[in-house]
Amino acid sequence: MHDDRTLVESRLKRVLAERIRPAVYPESVPLEVGVWTAPGEPVPVAEGLAAPRSPIAVGDAWGAPWGTSWITVTGTVPQAWAGRTVEALIDLGFDANMPGFQCEGLVYRPDGTPVKGLNPQNQWVRIAAPAVGGEPVLLHVEAASNPVIMDYRPFLPTELGDKETAGDRPQYRLARMDLAVFDETVWQLVLDLEVLGELMAELPVDGARRWELLRAIERALDAVDLQDVNGTAAAARSELTAVLAAPAVPSAHRISAIGHAHIDSAWLWPLRETVRKVARTTANMTALLEDEPDFLYTMSQAQQFAWIKEHRPEVYARVRKAVAEGRFVPAGGMWVESDTNMPSSEAMARQFVYGKRFFLDEFGVENHEAWLPDTFGFTGGLPQIIRNAGSKWLLTQKISWSQVNTFPHHTFLWEGIDGTRIFTHFPPVDTYNCSMKGSEIAHAARNFKDKGVAGHSLAPTGWGDGGGGTTREMVAKAARLRDLEGSATVRWEKPAEFFARAEAEYQDPPVWVGELYLELHRATLTSQAKTKQGNRRSENLLREAELWCATAALRTGAAYPYEQLDRIWKTVLLHQFHDILPGSSIAWVHREAEATYAALAGELEGLIGAAQRALAGDAGGGRELVFNAAPHPRSTVPAGGAAVVAAPAEGCTVAERPEGGYLLRNGLLEVVVDADGLVASVVELASGRETVSPGSRANLLQLHPDFPNMWDAWDVDRFYRNTVTDLTGVDALTAAADGGRASVRIERSFGSSTVVQTLTLHAGEQRLDVDTEVDWHETEKFLKLAFPLDIHTERYAAETQFGHLHRPTHTNTSWDAAKFEACNHRFVHLEEPGWGVALVTASTYGHDVTRTVRDTDGGTTTTVRCSLLRAPRFPDPKTDQGLHRFRHALVPGAAIGDAVREGYRIGLPERRVTGTAERVAPLVEPDHDALVVSAVKLADDRSGDLIVRVYEASGGRTRGRLTTSFPLADAVPCDLLERPWDGTRGDVAVEDGAVRLALRPFELVTLRLRAAG
């Protein structure tokens, strides 16, 4: 037989596009259209429905950036259409390739009932089936003219990302506005041909099944009369019946599909628009669930459920009904799909507390899976947090984006820093926006790395990022792929059902130990510094507010601000979403985030101040109490308590050096600051050990060009290091000392920016504080702060949630080399046997560590550089412009415990309050520095019990006691939701009025403490 394969394939492509698809709607009449444009932000539905309309026609421009237009369509079903299926086709000016990234709409009936959302892949609204001739049609569309931020030429700078700079030029033109007959037979033929054609293209050319499909398609095309597609579609379908009925082979890969719309809680749109995106998508999905009995849909992010509950109660009622029926599945058990690199220990825990509690309270549903398809890497502390929240599974897809190394598993056990293992799945379909294309299904089967021992994967199915969800076409394709020869099999299945099945199938999966590092989007650890500082400050203030409010409640009977703390926590958790905290959202998002953080800080400072005043007593008492919220004592001030302290210690000196610069001393450290304002030497006097590498200088600001190949706000590519400018020019160098401290002030200028640094030694403190103020006005530059250290080590420690993890300082493998920019929380720590050094930070996350061997003496220089600022131009063209302040500290001679202690202290400064009290005893106090208290609060159930969270911070086994300053009746180990812990737990017992603890390395325990009496 002659090879006519390409001839038939080309014929299929053209006939589908030019004849069969257009025949899905064989008859249509135009609708009349009117419009009203809201003058500012979106208005309530009732106001939008009642507003007067002006005529508008197909082809007319509409929609200023970020505007809202209320569009009304009216018409009458022709008498000749009686008994047929009729739909309205409403095209707002869509680009079919951009669902979720441009204009969208939500359709309402005249009474204000929401019907469904409109987007480029979902432009139809069912009017009637069967229709009644002469029936009037009246629909209202709340149309959002969201501008296209990332177009076909992505990453171009644009001012459209903020309504304050976007202008008012209309973005769109109305396209089709028709009432049309829907021919379901032709629609089904389209899907038959699409599924078989897409499958055919994935099969081997020399296989019989490919040619069987080719001939069946050819016969179907022959059966279609191109001048009467609607009249011949049924005959064409009959030619495909046999090939569609052929079952899959028993060994076919099995795919569990779940309807999904990964909706970014903010990204290329502001938070307020996400509220509407969620309403549009959930309206669509609940309607689709009613039409398709086999379909299942899942949605994560409790915040998004809360939004529709508040803003679209009619849609939420439909969601609640579908959840009760088991078909709309809450997933993930987190408040939002957060970043996991940067949130603190407590914030990461509270993501699960607030998410799971919302689903339990609203739906009676408890999730056992963490659902994070798009998060930019996963920290080694996360498995223990997942387990402590009562969950046991994790799904993500993002690791497939890694640029260098292909992850070796799709289903595996992920082991965290404490030894907790979580059953984890990466969908081999390599997308969280599966659309049931044959290429996607075939890729999932081919790509699955656990063949032979497992044969089951999951496919989140539906348009995401900007929302939209699953379409009826995707559902129809899945039905054809349920059991089809040559294809993986597809069935709709809930995430929990998939995980249970996969776990049972794969009895001995491989283990991956440590962080799941994404080899991409590394610059998200630095972009939008003010957002990151707002997050860190909020986390610290929440720790203080809970601690002091709980102390005041138990000591003085003050009211505990449950509702206020609950609201603030939820706001902070929302802003940890994986495009807000990482700094990858539009300018509008980060402008609002800065204002939100400032408002939260004001509230929290008020709570802290009121609680401390209650504890300190009468302000006229004249004593100055020092409050210490850090988990370690400060001088005579206990951790989590307050005390009157003596006058500050003396002993700090500063002397001018003959060769220029200054010598700082405090009896513990001797610091040489040279004439360039750089740190030439830091000697720990007790050991005589030099910290700075010979011939190097620390506190060195370095400037790099920063223009990644793509994903400007997200990425920093390794080649940025090829060019560097050391900022050594000095505008002014001055020094000062007052006995309690000695400091040097350095002023520099570079490009269009200026920087002022202050290097400070404090009496009695073995650390060098580095305060940096940058007035930043650079473009596409990356600013680093370098500390070359005279230390030889193959690895270093970086703090993460409830502990720390180790990373190599070398680049032996491609996996090591790929980690050229990484995350820490409050410290990095480097150590040789017997001596170490820590670099602690108040608010930066990104850093790099490199090593070289010196020609002069053969010693090793290990350089730690903190990432301070970037200046990408997309999606926010003014990223990081303006004034910034950073604080770091160099701690020579530091063991890991010193790094932990100083890391907490730098972000939790002492507070001084005048009163009558001499001492405020801590509510709880551990007797071992490695037992770190991460939270002290009253129980959420308002029982008055005290909740204390403590973890082992050294990475070793630690035994100790947690004493209380109140009579203790009982200590009950709990999960993060403050429920009795039903799993194995380290040794916890009440003994002589204290809690005895024996914790494994990095083990976390939550205790419910009940007072006696």
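Treat the numbers as computed from the prediction; the structure is a model and nothing was measured. (Residues numbered from 1 in each chain as written. Predicted model: local features only at pLDDT ≥ 70, side-chain atom pairs only at ≥ 80, totals over all residues. Heavy atoms only, no water.)

### Concerning the overall build of the protein chain
So, point 1. For the protein chain, the count of helices and strands is 19 helices and 54 strands.
So, point 2. Radius of gyration (C-alpha) of the protein chain: 31 Å, near the 31 Å computed for a compact globule of 1013 residues.
So, point 3. Out of the 1013 residues in the protein chain, the part that is buried amounts to 63%.
So, point 4. Sequence separation of at least 24 residues holds for 74% of the intrachain contacts in the protein chain that already meet a minimum separation of 6.
So, point 5. Carbon and sulfur atoms make up 50% of the accessible area of the protein chain, which totals about 35,900 Å².
So, point 6. Taken together, the 104 basic and 134 acidic charged side chains of the protein chain have centroids lying 1 Å from each other. (Helix = DSSP H or I, 4+ residues; strand = E, 2+ residues; numbered from the N terminus. Rg over C-alpha atoms; globule rule 2.2 N^0.38 Å. Buried < 20%, exposed > 50% of the residue type's maximum accessible area, 1.4 Å probe, protein only. Contact = heavy atoms within 4.5 Å. Areas by Shrake-Rupley, 256 points an atom, 1.4 Å probe, with all protein chains shown as cover. Lys, Arg positive; Asp, Glu negative; His and termini not counted. Charge placed at Lys NZ, Arg CZ, Asp CG, Glu CD.)

### Quick word on the pattern of salt bridges
So, point 1. This model, assessed by the stated rule, comprises 90 salt bridges.
So, point 2. Among the salt bridges present, the one from Arg209 reaches Glu485, with a minimum N-O distance of 3.7 Å. You can see Arg209 sitting in helix α4 (residues 208-223) and its partner Glu485 sitting in the loop between α13 (472-480) and β21 (489-492), a full 276 residues away along the chain.
So, point 3. Residue Arg912 is joined to Glu624 by a salt bridge in which the shortest nitrogen-to-oxygen separation is 3.2 Å. One end of the pair, Arg912, is in strand β45 (residues 911-915); the other, Glu624, is in strand β23 (residues 623-628), and 288 residues separate them in sequence.
So, point 4. According to the relative accessible area criterion, Glu624 is partly exposed, its value standing at 40%.
So, point 5. Via salt bridges that share partners, Glu41, Glu104, Glu142, Lys163, Arg272, Glu273, Arg276, Lys277, Arg280 and Arg312 belong to a single interconnected network. (Salt bridge = Lys/Arg side-chain N within 4 Å of Asp/Glu carboxyl O.)

### Notes on the sheet that holds strand β12 (residues 177-181)
So, point 1. Ordered in space as β1-β12-β6-β9, the four strands form an open sheet in which the pairing is antiparallel. Because the sheet does not close on itself, it has two edges, and the strands there are β1 (28-30) and β9 (124-128). Within this sheet the neighbouring strands show an average axis-to-axis angle of 25°, counted without direction.
So, point 2. For strand β6 (residues 86-90) and β9, the ladder comprises four bridges, and the chain directions are antiparallel. Pairing of Glu87 across the sheet is with Arg126, part of β9. (Pairing = 2+ DSSP bridges. Axes fitted to C-alpha atoms, helices over the stretch in contact; angles between N-to-C directions.)

### A look at the environment of Val828
So, point 1. Along the chain, Val828 turns up in strand β40 (residues 827-832).
So, point 2. Sequence-wise, Val828 and Gly893 are 65 residues apart; in three dimensions their C-alpha atoms are separated by 13 Å.

### Structural notes on the pairing of strand β7 (residues 104-108)
A regular strand places its side chains so that they alternate between the two faces of the sheet.
So, point 1. Burial of β7 is extensive: five of the five residues sit out of reach of the surface.
So, point 2. On β7, burial covers both faces: Glu104, Leu106 and Tyr108 on one face and Gly105 and Val107 on the other are all buried.
So, point 3. Both β7 and strand β10 (residues 136-145) contribute to a ladder of five bridges, which runs antiparallel. Paired with Leu106 across the two strands is Glu142, which belongs to β10.
So, point 4. Pairing analysis gives four bridges linking β7 to strand β8 (residues 114-118), with the strands arranged antiparallel. The residue bridging Tyr108 from the neighbouring strand is Pro114, located in β8.

### A closer look at the packing of helix α1 (residues 5-20) against helix α3 (residues 184-202)
So, point 1. Viewed as axis vectors pointing N to C, α1 and α3 meet at an angle of 155°, and their least axial separation amounts to 11 Å. The orientation of α1 relative to α3 falls into the category roughly antiparallel. Judged by the sense of rotation from one axis to the other, the crossing of α1 with α3 is left-handed. Residues Glu9, Leu12, Leu16 and Ile20 of α1 pack against Val186, Leu189, Val190, Leu193, Glu194, Gly197 and Met200 of α3.
So, point 2. Along the lines of polarity and charge, the residues of the contact of α1 with α3 split into eight nonpolar, one polar and two charged. (Parallel < 35°, antiparallel > 145°, perpendicular 65-115°, else oblique. Left-handed = near helix turned anticlockwise from the far one by under 90°. Nonpolar A, V, L, I, M, F, W, Y, C, P; charged D, E, K, R; others polar.)

### Section: the side chain of Thr298
So, point 1. The topology assignment puts Thr298 in strand β14 (residues 297-299).
So, point 2. Exposure remark for Thr298: the relative accessible area of 1% places this residue in the buried category.
So, point 3. Apart from the residues within four sequence positions on either side, Thr298 is in contact with Ile258, Gly259, His260, Val329, Pro330, Ala331, Trp371 and Pro495.

### Notes on unusual backbone geometry
So, point 1. A cis geometry characterises the amide bond from Ala129 onward to Pro130, with omega recorded as 5°.
So, point 2. When you line up the elements, Pro130 lands in the loop between β9 and β10.
So, point 3. A cis amide bond links Phe874 with the next residue in sequence, Pro875, at an omega value of 5°.
So, point 4. One can find Pro875 in the loop between β43 (860-870) and β44 (882-892).
So, point 5. Phi angles above zero are rare outside glycine, and Met436 is one such case at about 70°.
So, point 6. Checked against the element boundaries, Met436 lands in the loop between β19 (421-425) and α12 (438-447).
So, point 7. Judged by its relative accessible area of 1%, Met436 is buried.

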